[in-house]
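Structural features, examined
What follows is each chain in one-letter form.
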Amino acid sequence: MEHDYDWREVEDRLYAEWLAANAFAPRDDGPSSGYDAILMPPPNVTGVLHVGHLLNGTLQDVLVRRAWQRGRCVLWQSGTDHAGISLQVKVEKDLQARGIDPSSLSREEFLGHAERWRDCHRDRILCQLQRLGICCDLSRRVHTLDPAYSRTVLHAFVELYRRGHIYRGRRMVNWCPVSGTAISDEEVFMQRRPGKLFYVRYEMVDAPGEFVEVATTRPETIPGDVAIAVHPADGRHANLVGRLCRRPFPEAPIPIIADEAVDPKFGTGALKITPAHAAVDYAVGERHGLPCREVIGPDGHMGILAGQELAGLDREEARERAVEVLRRRGLLSREEKYEHSVGISERSGVPIEPRLSVQWFLRYPKVDEAARAVERGLLRFFPAHWGKTYLHWLENIQDWCISRQLRWGHRIPVWYRPGWDRNDPHGRHVSLEAPPDGEDWEQEDDVLDTWFSSALWPLGTLGWPDGKAMAAKHFDCFYPTSTLVTGPDIIFFWVARMVIFSLEFLPGDASDASISRRIPFRHVHFTGIIRDDRGRKMSKSLGNSPEPLDLIDRHGADGVRFGLISSAVQGQDVQFSEERLAQGQHFCTKLWHACRLRLLQDGTTPSDRSSWEAIVGRLHADELNFVDRAILCQLFDARLRWDGALEFYEFQAGLQRLERFFRDDYCDWYVEVGKARRRLGLDCRASLAVQDLVLRHLLQLLSSAIPFVTQELWHRLGMGTERPLHMVPLPDGDFWNGALERCGIAPAKEEDVDRCAALREVLKALRALRTDVGGGGPIYYLPGTRWEDGCRELLSTLLGCGDFVALPAAGDRPVAVTSWGTFAMDHAANGREKLVAELGQLRRHVAANRAKLADAAFLAKAPPAVVEATRQLLEKNLALVARLEGLLGTECGRGKFF
RNA sequence: GGGCAGCUAGCUCAAUGGUUAGAGCAACUGGUUUACACCCAGUAGGUUAGAGGUUCGAAUCCUCUGUUGCCCACCA
């Protein structure tokens, strides 16, 4: 076996083999203990692979491979999202770069370009993700604009319309002037921006020279003013209500009204009302029956109603111009700096414009059931606290604006009868198919929000609503899926909406049992967000995100996977550090060498390792000593903890337990003891069988986290070649209990582990002692030292010293006090200071133990096991103190030290 | 303004209310006795953000304060 592990060669070769063997497709050809499905969050076709994808992909792969190992039939559903607005923007830029004006193209021409662009990038991310070694069945991948999936989306729209959940209406929406489309509340984020607060005077119509003053940050909307509002209880302005004042431009009289929405403490206590351009003002306008004056157009430029001073200007320019005009007319009394929150379009990064427009809306159905699913634990979140965020959103849910003024996406399946009012439901045809006399009708131009189609992902990928397709895709086996692994940033965008749509579309009542059957997944594991070393979110604009494929090139897929898992503590954001990935790589190397050592030892042939039965058959209870038994106990314990941790998606904790077992218990202890035994000329056959058992089991457990190196070592050790490691069944608890019993071990028995711990403690103390004296020489043991069976030789071999020498008293030699006894070494220098410090510490512990045991309340109320443990600890500490005091008292004189 | 989550060794993080709060990295000291220097052995490093409280017992539970990050809602 080669000295170095060449993962570059191994990873490419093995992945090609797995693909060639079609090893990732769910199949029903063997004994199966059930079905599992995992939905991969579909990446955008426009997306760029980032470290978050690596983490997400790795964690899902661990779950999927484990499910395979447990004999489950697993579907890992993948696919891509058409990415609506994001792709359209990219294609438009691309066209412009080629000298083509996108707006000059017909809908069909534009879609042709977009589809070509999409096809070029379609599966790029998924293919890149394969470098990680994910066992995802790409043959079943779905794209949200595939014909079949599109039918799912349109069917859902038609059905929701038919059930009265979708309506068309003129409402205040978030308008993105750059993209020229409405966007949902979720696509707007608030940003603190410096601005100015302008104080503007409106002259009273009936009393020239008398003014009402308002404060505004948006003077360019003054042409849209239709009223001034004050709070009804505000005494300062009570005399104004019901009178008229003069709008500065275009000049017109507007009423002064009273409305509760006004905060009398802000500004002057008077608010200008612009119903067409502010949500609050719109509500006020509705209450008072005020007209709407739209002065800003869809492209963010001032319209004709803005008057000749402002018309045609961009809204930013208009603001400056408005201020100039006001100043010139003496209507601007003052201005002050003011930092305020502005809604920003997530897509284009410019301030959104609240705008009244006709859009399609969804009144969310099944909100109560969606909430109950989480409240009752039918759908569980990990970590659970995200449930509060989810429920809070559901409690304050607003209708969802689902139409987009774009071309790229699912075109809304509504046709209007020409010449009819589009708001008249009788003039509409809402169906998957165009009306029979299609050419007379006009189809809706808008497309659906891309998240509308994403919300159908669990249903559409399994063929819904087409019964034939659902049967072909085994809907009944794979739905509901087991676990969704995603980021908490899309709880609203995606997770909640999938729950709502699934509850709505699958038939059932409101009982818990029915909800359990209809929810799209039983568990959602929210990963942390990956941040850089300064705590910032990884982002393209900051340029702080490493290139994922480079990371894999540098550390290997296994190294990257191991590093990411071990830095991803549940519930915490992940601080990315490449150092972690290097550690993962080192772990793989160490594993390689541990197996290499096993092959360098003689005594067996590969067929002795080719099955569990072969290995267990080589274990005989009478040939095993307590070190052998202990390592098997520890392996069993590590397995239990790994299983237990993964039940709760605590990947890091589980992997850490396996790592500790491998490094601390197996490599640094068990293997070293094995070497010592060989040096002592003892029979090592049993030890080799134990090594085989440990390695076989460890490789299997680790294979879900680091599939490549474990698979390669599995082959090298001759443990099996017939199928990929993730298809080899993992021995269950019954098997383990049987094997342990055969070795004379009760799984719960800790005695052998304790004996090992004691031996290791002595070994460590003696190594420390030798370090202190800075050299070799004989190691003495003082009277009262008690040796475990056979451990004297083992200890001296492990230390690489000669046999221990009995000594009646330590004299002024430095000593090590252990639970077995006291040891000493020759040294010229005085090592007693350390001893004195140790005694002091021990005495403090003894005092603390005694105080506890003297406390009646402690004895009465603490559990007996705790009291007993304290008593034993006191005894142990007392023994050590006595030994130390004896040493220091007889040989050195008590007075000298105390 | 409301909510959520943090605050533990120089750094990144662990620790079912129960013994003397642990790892890794970094630092320091030593080591290539044929698995591994991508390693091993050892040393040092702590008022668990602060203050109260509950408890026989608190890093852990409660209250308040400070502080950091995120989410939601926003006064024009």
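For the structure itself, look to the data block above.
Report follows, based on the coordinates. (Residues numbered from 1 in each chain as written. Chains lettered and ligands numbered in written order. Predicted model: local features only at pLDDT ≥ 70, side-chain atom pairs only at ≥ 80, totals over all residues. Heavy atoms only, no water.)

Overview of unusual backbone geometry
The omega angle of the peptide bond from Phe249 to Pro250 is -20°, so this bond is cis rather than trans. Within the secondary structure layout, Pro250 lies in the loop between strand 10 (244-247) and strand 11 (252-258). Of note in this structure, Ala83 is not a glycine but carries a positive phi near 65°. In this model, His474 sits at a positive phi of 55°, which is unusual for a non-glycine residue. Relative to the elements of secondary structure, His474 occurs in the loop between helix 13 (467-472) and helix 14 (475-478). On the basis of relative accessible area, His474 is assigned to the partly exposed category, the value being 37%. (Helix = DSSP H or I, 4+ residues; strand = E, 2+ residues; numbered from the N terminus. Buried < 20%, exposed > 50% of the residue type's maximum accessible area, 1.4 Å probe, protein only.)

Let's talk about the protein's contact with RNA strand B
Around RNA strand B sit 47 residues in total, of which Tyr338, Val569, Thr589, Lys861 and Leu873 are the nearest. Within 4 Å of the protein, atoms of RNA strand B come from sugar and phosphate in 58% of cases. Between a base nitrogen of RNA strand B and a main-chain N or O atom of Cys667, the distance comes to 3.5 Å. For RNA strand B, a sugar or linking oxygen lies 3.3 Å from a polar atom in the side chain of Asp855. Per-class residue counts for the surface near RNA strand B are 20 nonpolar, 14 polar and 13 charged. (Near = heavy atom within 4 Å. Polar contact = N/O pair within 3.5 Å; in protein donor to acceptor, adjacent residues only side chain to side chain. Nonpolar A, V, L, I, M, F, W, Y, C, P; charged D, E, K, R; others polar.)

Considerations on the environment of Val690
Mapped onto the secondary structure, Val690 falls in helix 22 (residues 685-703). Residue classification places Val690 among the buried positions, given a relative accessible area of 0%. The spacing of Val690 and Tyr670 is 20 residues in sequence and 9.8 Å in space, taken between C-alpha atoms. Setting aside residues no more than four positions away along its own chain, Val690 makes contact with Leu619, Leu624, Asp628, Ile631, Leu632 and Tyr670. (Contact = heavy atoms within 4.5 Å.)

Thoughts on the sheet that holds strand 16 (residues 400-401)
The strand order across the open sheet formed by four strands is 6-5-14-16, and the pairing between neighbours is antiparallel. Each edge of the sheet is formed by a strand with only one pairing partner; in this case those strands are strand 6 (181-183) and strand 16. Looking at chain direction, strand 5 (residues 166-176) and strand 6 are connected through three bridges and run antiparallel. By the bridge assignment, Trp175 is partnered in strand 6 with Ala182. (Pairing = 2+ DSSP bridges.)

Here's the deal with the pairing of strand 23 (residues 521-526)
In the sheet, strand 15 (residues 380-382) pairs with strand 23 via three bridges, with the strands oriented parallel. Residue pairing in the sheet places Phe382 in a bridge with His525 of strand 23.

Details of helix 18 (residues 578-600)
Over its 23 residues, helix 18 extends 33 Å from the first C-alpha to the last, a length consistent with the 33 Å expected when each residue adds 1.5 Å. What helix 18 keeps buried is the set Leu581, Ala582, Gly584, Phe587, Cys588, Leu591, Trp592, Ala594, Cys595, Arg596 and Arg598. Looking at the packing, one finds that the buried side of helix 18 touches helix 17 (548-567), helix 21 (651-679), helix 22 and helix 23 (707-716). (Expected span 1.5 Å × (residues − 1).)

Observations regarding the packing of aromatic side chains
By the definition in use, this model includes 37 aromatic pairs. Here the aromatic rings of Phe452 and Phe501 are separated by 5.2 Å at their centres, their planes lie at 75°, and the arrangement is edge-to-face. With Phe452 in helix 11 (residues 450-454) and Phe501 in helix 15 (residues 491-505), the pair connects residues that are 49 residues apart, well separated along the chain. Taken individually, Phe452 and Phe501 each receive the classification buried, so the pair is uniform in this respect. (Phe/Tyr/Trp six-rings, centres within 6.5 Å; stacked < 30°, edge-to-face > 60°.)

Some remarks on the nonpolar core
With 131 residues, the main nonpolar core has Leu591, Leu632, Tyr666, Leu766, Leu795 and Phe804 as its most contacted residues. Among the elements that make up this core, the one with the highest residue count is helix 21 (12 residues). Setting aside residues up to four positions removed in sequence, Tyr666 forms contacts with Ala594, Ile631, Phe661, Val671, Gln691, Val694 and Leu695. Residues Leu75, Leu378, Phe381 and Phe501 belong to the second largest nonpolar core, which totals 66 residues. (Core = buried A, V, L, I, M, F, W, Y, C linked by side-chain atoms within 4.5 Å.)

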